[in-house]
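Remarks on the overall topology
Residues per chain are reported as follows:
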Amino acid sequence: MSDNDESRTSQPIDNPISDRRTVLKGLGAAAIGAPLLASRRTSAGAAYDTYDGDYGTVIDVTDKGADDTGNQSVSGLIQSLLDDNGDDTLLKFPQGEYYMDEQVSMSNFNHVGIFGPEATLVPADYHNFTYAGGNPSDMQLFSFGRVDNCSSSDLLFQGFEVDQTADDTGIRVIEAAVNDGLEVYEIDIYGRHDSGTYGPGRFNIRSSSGTGIVDNFRAPDGAAHVSETPNDGNLWRGPTGIVNNKHVGELTIKHCTIKGFPDNGVYADDGDGKRIIYGGLFGTSATAALRIGGIDSVVKYPTIHIDTTRPNFQKPGGIRIEDGTNVLVRDATITLDAAHEGMQGIVVMDACQSATVRNVDISSTSSESIQGIVANPGCGPITVEDTTIDWSPAGGYGVWIKGESSPANVTLDNVTITDGAGVTGAGFREGIRNDREDTTLTDVEVTQTSSSDRHALWNRADHSHVNGGTYEAQKYGILDESGFTEYDGITAKSQRGNEGVRLLDASHDIQIYNSTLYNGIRDDGCAGLDTGNNTVK
């Protein structure tokens, strides 16, 4: 078992096997340890018969009259084939282009596959697509299962390219709600989604014992804000890349590419299910590239680069831990270079019960004032460990721990914040700002020497514990206005020749022991200062 006991099974995955259900059941453990098995998409010819032996009925859609030139819609024919053949059916799309102008759906099914390893789906534009249920935002090529009273399982959807490069075109390629056995592989979506309708994928596991995987689902061209589309007024902001919001099982989102969406890149939140986001490339999306919640959810190995400035995207950020318990973010690389004021590398929201951030690299050269890691006032216990923040935006905190009266402690352990940040008129001039009582900093290294007004640590919270570590800045290494805080074994230095530690008049009952203090301590009225075994240089 690994990390936060995030696997439901311990079966390793290290080679292809014929029983896909067995592979799928083992994904939870594999997603946290060794890299997962690659999808079964292979070269032309071999791939097309990959699944023939897995289904009782196998149909080449062109044998039934499907037009593969993109001139005539195949939607009605595909719907009829699914209706007539039902369960245990595989529909295969040979190489070609398949035009679709209305939704194909199955509400109740077991063991159905849609496979097109060299096929291209061409959706009709906004003006010519027949949408379902009177909702112009709800344009979908394929809809499988249903969220309420779900009775469907075992769905394979693999191999398609989706060409939405035409003007006013953008589609939800697939929406799937199954109890178990969801497999979505190798979907490549080309063209900016500029219809203003729902984003390309929505996936939910509706049984607490069920599992699923979305592997290599790629939408690199993003979407227009709804205000720039013919659907203006019918959808808030615009589409999200991948949605997982009515989920109670376990879903792995592996090696996906989602960039440039006006309402989150990946929204994996709501419901008590477990989410595993493994690898992938994620770019500028409003609110967050990855928005995560659930119980024992894991984000591991993603690369997030917020590099595009989009004026109508509201505060794009890296990872937003919305809620949940025992959420783990680890081995992530987050780069915040866009000129969006208020961006956040990782933010832990009030509803999150507990989370860990481990071995994460965050960097920024943004021309705006932004924040690296933020713990919001209401969130539960948070641990940040073995993490590096290379911090060179115009201003902002590397870490901001909010919550003056929160009972939940925050721990920083072996966190490094390197220099380069400036100071703007809004302030935000510290490497770390701590507002929460009972916070512990252990072996933290903060260097803030590029701007004459920056401090390494501003501690405003009582009963804090600062053990070891180095705090070096141009103005003061440590600025303290807390009570009952203990500093033990620290190094504090001002590059300007000021005292390493400054105690403001609000501070009281401060202990500083076994520390190296360059130019000593500036005491502006601390009520009760206890020192011992310190070295002043």
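In the block above lies the structure referred to throughout.
Anyway, here's the lowdown on the structure attached to this text.

Conventions and cut-offs
- Residues numbered from 1 in each chain as written.
- Predicted model: local features only at pLDDT ≥ 70, side-chain atom pairs only at ≥ 80, totals over all residues.
- Heavy atoms only, no water.
- Helix = DSSP H or I, 4+ residues; strand = E, 2+ residues; numbered from the N terminus.
- Rg over C-alpha atoms; globule rule 2.2 N^0.38 Å.
- Contact = heavy atoms within 4.5 Å.
- Areas by Shrake-Rupley, 256 points an atom, 1.4 Å probe, with all protein chains shown as cover.
- Lys, Arg positive; Asp, Glu negative; His and termini not counted.
- Charge placed at Lys NZ, Arg CZ, Asp CG, Glu CD.
- Core = buried A, V, L, I, M, F, W, Y, C linked by side-chain atoms within 4.5 Å.
- Buried < 20%, exposed > 50% of the residue type's maximum accessible area, 1.4 Å probe, protein only.
- Phe/Tyr/Trp six-rings, centres within 6.5 Å; stacked < 30°, edge-to-face > 60°.
- Lys NZ or Arg CZ within 6 Å of the ring centre and 35° of its normal.
- Polar contact = N/O pair within 3.5 Å; in protein donor to acceptor, adjacent residues only side chain to side chain.

Turning to the overall build of the chain, a few remarks are in order. Across its full length, the chain carries three helices and 48 strands. What you see for the chain is a C-alpha radius of gyration of 26 Å, in line with the 24 Å of a compact globule of 537 residues. A principal-axis box enclosing the C-alpha atoms of the chain has dimensions of 85 × 45 × 40 Å. Of the contacts formed within the chain by residues at least 6 apart in sequence, a portion of 71% connects residues at least 24 apart. For the chain, the exposed area adds up to about 18500 Å²; of that, 41% sits on carbon and sulfur atoms. If the 39 positive side-chain charges of the chain are averaged to one point and the 78 negative ones to another, these points end up 3 Å apart.

Once that is clear, we can look at the nonpolar core. Formed by 109 residues in total, the largest nonpolar core has its most connected members in Phe217 and Ile319. Look past the residues within four positions of Phe217 in its chain and what remains in contact with it is Ile174, Val184, Ile187, Ile189, Pro200, Gly201, Phe203, Ile242, Cys256, Thr257 and Ile258.

Turning to the packing of aromatic side chains, a few remarks are in order. Here the structure, examined in full by the defined rule, presents ten aromatic pairs. Ring geometry for Phe93 and Tyr98: centres 5.1 Å apart, planes at 85°, overall edge-to-face. The exposure class of Phe93 is buried, given its relative accessible area of 0%. Measuring from ring centre to ring centre gives 5.2 Å for Phe93 and Phe160, while their planes differ by 80°; the resulting arrangement is edge-to-face. Of the two residues, Phe93 is situated in the loop between β3 (89-92) and β4 (96-100) and Phe160 in the loop between β9 (153-158) and β10 (161-163); the sequence distance between them amounts to 67 residues. As far as burial versus exposure is concerned, Phe93 and Phe160 are alike and both buried. In textbook terms, an aromatic cluster arises when at least three aromatic residues are bridged by ring pairs, as seen for Phe93, Tyr98, Phe109, Phe142, Phe144, Phe157 and Phe160. Over the face of the ring belonging to Tyr48 we find Lys92, whose NZ or CZ atom lies 4.0 Å from the ring centre. Note that Lys402 overlies the ring of Trp400, its terminal NZ or CZ placed 4.2 Å from the centroid.

In this section: the environment of Gly294. Mapped onto the fold, Gly294 is located in the loop between β21 (290-292) and β22 (298-300). On a C-alpha basis, the gap between Gly294 and Pro117 in space is 33 Å, while along the polypeptide they are 177 residues apart. With sequence-adjacent residues up to four places away left out, Gly294 is seen in contact with Gly271, Gly273, Arg275, Asp323, Gly324, Thr325 and Val327.

For the rest of this paragraph, the subject is the side chain of Ser507. Position of Ser507 relative to the elements: it lies in the loop between β43 (501-503) and β44 (508-513). Overall, Ser507 belongs to the buried group, its relative accessible area being 1%. Contact partners of Ser507, with chain neighbours within four places excluded, come to Asp480, Glu481, Ser482, Gly525, Cys526 and Ala527.

By secondary structure assignment, the location of Ser464 is in the loop between β37 (455-459) and β38 (465-467). On the accessibility criterion, Ser464 (2% relative accessible area) is buried. A distance of 2.8 Å separates a polar atom in the side chain of Ser464 from the backbone oxygen of Ala461.

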